[in-house]
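Residue strings, one per chain:
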Amino acid sequence: MEVFVKSFATYRTVKKATAISSALVLDALEAETSTVTVKGTSINRADTGNWLIADGGIYMISNVKPEADRTLLTLLSPLDAFSRPLELAAQASGQTIGGFVAAQLRSNWIAEADPAYAMPYLTVSGSDSTAFVPPETDSGGSFKLSDYCRLMRKSYRVTVKFYDAGSSLRCEIRKAPAASKQIPFGDGRSFLQSVDYSASGLAKLTVLHDVETGEKDANGDKIYARERSIWYLSESGEISQLIPARRASGEWGSIHVQGNKTVEEEVVKAFSKNKANHKLEFWSTLDLEVQTDCTFPVYGELLRSYISYKRKSSEDKRFYYKSGELATTATEKLRGVLK
């Protein structure tokens, strides 16, 4: 396989190399790394931050490790190129999630005045019309677009994908349609690698919503009235205030919502960020999309889950999938706590 390095500044091809081996993440709900080992040392430290085209996919070079006759490249999703903190501005009425993401890309990267950080070669298109949900901001009122996009994908299926278009980098924003699949193991196409379960993850939420009354106390502070509601998560991922026929397993949590934030939006985000109660890994010749809802027969019982990770290795013709998002390593657990 031949790989091509494209300049971050111009998107022009500046180098070519032959890959010895590769493990490429084709898609994932979380930030993941890919690796490619190439012959020689022509791709060097000057290429960190540049783009790499490998097997038709687009990646960002994050680390270069040269050896005597080869170089190991660590790659990130192109979405991670859009992690600079941005200040959240007020949005016009009728804004959508897709429209908001597109506007951020155009104003902060395509039209960026500083040429060291601008991407004039980026083109954005999209058809998403999901009602706008504001990003969570830090103490300074800023957010990271990459984090926002990943959360909106998990919460509302709004996907942001990047494609190499020759002389330009194409971004497509759309709401992915729901799809479901039954995956039997041992049929000659799909083979179970491992499965782990955890009691973590949320299945029920108590929401404490403090609503402004329009009045102030003796100190001039706003007076709030507290409203309480209970929300449930079904086994198939639906959210409701009614107890579902097939309830998801998990913990009973609580969130606090203050002011004009929409309760349902906060509930969706809370459930989306706390789905980590299982992880199933398997090999398959089936070409499945990330977020496909799947039913797996596992040791005598049915597991309903969703594809969260898809990888292709040079050492195997099959796809490697992860379903669910259980944090199983110390690094993943730490990342889950920090987020």
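Details of the structure are given in the entry above.
Residues numbered from 1 in each chain as written. Predicted model: local features only at pLDDT ≥ 70, side-chain atom pairs only at ≥ 80, totals over all residues. Heavy atoms only, no water.

1. Regarding the sheet that holds strand 14 (residues 202-216)
Rules: By the convention used here, strands pair only if DSSP detects at least 2 bridges between them. We count a stretch as a helix when DSSP gives it H or I for four or more residues in a row; a strand needs E for two or more, and each element gets its number in order from the N terminus. Note on contacts: a residue pair qualifies if any of its non-hydrogen atoms lie within 4.5 Å across the two residues. An axis is simply a line fitted to the C-alpha atoms; with a helix, the fit covers only the stretch in contact. Between two such axes, the angle follows the N-to-C directions and lies from 0 to 180 degrees.
Across the sheet, which stays open at both edges, the four strands sit in the order 16-15-14-17 with mixed pairing between neighbours. Every other strand in the sheet has two partners, leaving strand 16 (239-240) and strand 17 (251-258) as the edge strands with one partner each. In terms of strand pairing, strand 14 meets strand 15 (residues 222-233) through 10 bridges, oriented antiparallel. Residue Thr 206 lies in a different strand from strand 15, and its bridge partner there is Ile 230. Packing of helix 3 (residues 263-272) onto the sheet brings it into contact with strand 14, strand 15, strand 16 and strand 17, and relative to strand 14 it is tilted by some 150 degrees.

2. Structural notes on the environment of Ala 131
Under the convention used in this document: The rule is simple: take the accessible area with a 1.4 Å probe, protein chains only, and divide by the maximum for that residue type; under 20% is buried, over 50% is exposed, in between is partly exposed.
With respect to the element layout, Ala 131 can be found in the loop between strand 8 (122-126) and strand 9 (142-144). For Ala 131, a relative accessible area of 53% corresponds to the exposed category. In sequence terms Ala 131 and Val 160 are 29 residues apart; their C-alpha atoms lie 16 Å from each other. When residues no more than four places from it in sequence are discounted, the contact partners of Ala 131 are Gln 95, Thr 96 and Ile 97.

3. Observations concerning the packing of aromatic side chains
Counted only if it meets this: By convention, a stacked pair of Phe, Tyr or Trp rings (six-membered ring in the case of Trp) has centres within 6.5 Å and planes under 30 degrees apart, an edge-to-face pair has planes over 60 apart, and any other such pair is tilted. Geometrically, a charge over a ring is one whose NZ (Lys) or CZ (Arg) sits within 6 Å of the ring centre while staying within 35 degrees of the ring normal.
Summed over all chains, the structure comprises 14 aromatic pairs. The interplanar angle of 75 degrees and the centroid separation of 5.3 Å between the aromatic rings of Phe 100 and Tyr 148 together place this pair among those described as edge-to-face. Here the residue Phe 100 occupies a position in helix 1 (residues 97-110), and Tyr 148 occupies one in helix 2 (residues 145-156), the gap between them amounting to 48 residues. There is no split in this pair, since Phe 100 and Tyr 148 are both buried. Ring pairs connect the aromatic residues Phe 185, Phe 282, Phe 296, Phe 319 and Tyr 321, which therefore count as one cluster. Of note, Lys 312 hangs over the ring of Phe 319, and the distance from its end group to the ring centre comes to 4.8 Å. Sitting over the ring of Tyr 309, Lys 322 keeps its end group 4.4 Å from the ring centre.

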